[in-house]
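The lines below spell out each chain.
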Amino acid sequence: MTIRPFILDGNEVAANIKALVEGDVKKLIAGGIIPCLATILVGDDPASATYVRMKANACKRLGIQSVRIELPGETTTEQLIREIQQLNENPGVHGILLQHPVPHHIDERAAFDAISIEKDVDGVTTQGFAQNAFGFAAFPSCTPAAIIAILDHYRLPVLGKHAVVIGRSPILGKPVSAMLLNKDATVTTCHSKTVNLEEFVRAADIVVAAVGKPRFVKGDWVKPGAVVLDAGYNPGNIGDVDYEACLPHVSAITPVPAGVGPVTIATLLKHTVAAAMKAQGY
């Protein structure tokens, strides 16, 4: 039997999030406060520069100030942490985003953890990770939060479902596993060392692909009627899921682009505005 899939439109979800945030932005501006996101880019990676530019453009469209800090590739961990500490101490900055990845010689975890929890709008600190695991993070990691937002927006059932997450990064795979578990899914977290990975995927009601490999999830891996959320973004606008091969099998799927990506950016803006509201005592 051929299943007619439902395409999960990330642009629709993102627009809904932004519409809900617009009122808070206007309230802040009326009070003389412009919500501000500071982005830090270390080195000259073209993909990272593109992501930072996209986020800055999204900020501008919503009335959020975006401050871009560019540091040379030879920047040390200590120098980067000093830059972050200055932003922590700046009351005009409400959110801090350190673009991932940083050059290999930098201790990325130390840099992430230098971000104040009140300004960790991308959910990258160890403290933020722990809060997310317990289910009370103010600013969970943006891509995992975007995945949950898509599930919620389209009212896709999670309770009691078997979710398989492919990927275990501390800012994507692990936090989304925790968030799904907190929503009463039964969660299996798989990774590059998982034996017979496709067998786990075939048992899943919900598949989250966050492995960073183009078209990694094959069509015959997916159980008929499964929901597939593709968090991958590889060169050429290609996701981690073989989209065309999976279409005949799934009940719902996110495309790449226009799936998880726009919702991730909208979530970052939402968190930045929320941080500004909290800083002003709203």
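Parameters at a glance
- Residues numbered from 1 in each chain as written.
- Predicted model: local features only at pLDDT ≥ 70, side-chain atom pairs only at ≥ 80, totals over all residues.
- Heavy atoms only, no water.
- Pairing = 2+ DSSP bridges.
- Helix = DSSP H or I, 4+ residues; strand = E, 2+ residues; numbered from the N terminus.
- Expected span 1.5 Å × (residues − 1).
- Buried < 20%, exposed > 50% of the residue type's maximum accessible area, 1.4 Å probe, protein only.
- Contact = heavy atoms within 4.5 Å.
- Right-handed = clockwise from strand over helix to strand, strands pointing away.
- Axes fitted to C-alpha atoms, helices over the stretch in contact; angles between N-to-C directions.
- Parallel < 35°, antiparallel > 145°, perpendicular 65-115°, else oblique.
- Nonpolar A, V, L, I, M, F, W, Y, C, P; charged D, E, K, R; others polar.

Novice: Help me understand the sheet that holds strand E9 (residues 252-253) in this model?
Specialist: The strands making up a sheet are joined through hydrogen bonds of the backbone, oriented either antiparallel or parallel. On the basis of which strands lie adjacent, the open sheet formed by 6 strands has the order E1-E9-E8-E7-E5-E6 and parallel pairing. The sheet terminates laterally at strand E1 (6-7) and strand E6 (186-190), the two strands that pair on one side only. As judged from the 5 bridges shared by strand E5 (residues 162-166) and E6, these two strands associate in the parallel manner. By the bridge assignment, Ala-163 is partnered in E6 with Val-187.

Novice: What is the right way to look at helix H2 (residues 46-62) in this model?
Specialist: Within an α-helix, residues lying three or four positions from one another point in the same direction, as the helix has 3.6 residues per turn. Taking 1.5 Å of rise per residue, 17 residues should cover 24 Å, and H2 covers 25 Å from first to last C-alpha, within 8% of that figure. For H2, the full list of buried residues reads Ser-48, Ala-49, Val-52, Lys-55, Ala-58, Cys-59 and Leu-62. In this structure, the buried side of H2 is in contact with helix H1 (10-30), strand E2 (36-42), strand E3 (65-71), strand E4 (95-98) and helix H10 (260-279). At the exit of H2 stands Gly-63, carrying a positive phi of roughly 90 degrees.

Novice: Explanation requested: the pairing of E3 in the structure shown.
Specialist: Across a regular strand the side chains alternate sides, sitting on one face of the sheet and then on the other. Sheet topology note: the E2/E3 ladder contains 7 bridges and is parallel. Across the sheet, residue Thr-39 finds its bridge partner in E3, namely Arg-68.

Novice: When you look at the side chain of Thr-272 in this model, what are you seeing that I'm missing?
Specialist: Along the chain, Thr-272 turns up in helix H10. Setting aside residues no more than four positions away along its own chain, Thr-272 makes contact with Cys-36, Leu-37, Ile-64, His-94 and Val-121.

Novice: It is not clear to me how the pairing of E5 should be interpreted in this structure. Could you clarify?
Specialist: The element E5 is extensively covered by neighbouring structure, given that 5 of its 5 residues are classed as buried. Residues His-162, Val-164 and Ile-166 line one face of E5 and the alternating positions Ala-163 and Val-165 line the opposite face, and both faces are buried. Assessed by its sense of winding, the connection that carries the chain from E5 through helix H7 (residues 173-182) to E6 is right-handed. In terms of strand pairing, E5 meets strand E7 (residues 206-209) through 4 bridges, oriented parallel. Looking at the pairing, Val-164 lines up with Val-207 of E7.

Novice: Is there a simple way to explain the sheet that holds E2 in this structure?
Specialist: Pairing within the open sheet is parallel, and its 3 strands lie in the order E3-E2-E4. Pairing within the sheet leaves two strands with one partner each, and these edge strands are E3 and E4. Neighbour-to-neighbour, the strand axes of this sheet turn through a mean angle of 20 degrees, independent of strand direction. Where helix H3 (residues 77-89) meets the sheet, it contacts E2, E3 and E4, and its direction lies at approximately 175 degrees from that of E2.

Novice: Help me understand the packing of H1 against helix H6 (residues 142-153) in this model?
Specialist: Pairs of packed helices are described in terms of their axes, by the angle between the two and the distance that separates them. Where H1 contacts H6, the axes come no closer than 10 Å and their chain directions differ by 95 degrees. By the angle between their directions, the pair H1 and H6 is classed as roughly perpendicular. Counted together, Glu-12, Val-13, Asn-16 and Ile-17 of H1 and Ala-149, Ile-150 and His-153 of H6 form the full contact between these two elements. Here the residues of the contact of H1 with H6 sort into 4 nonpolar, 2 polar and 1 charged.

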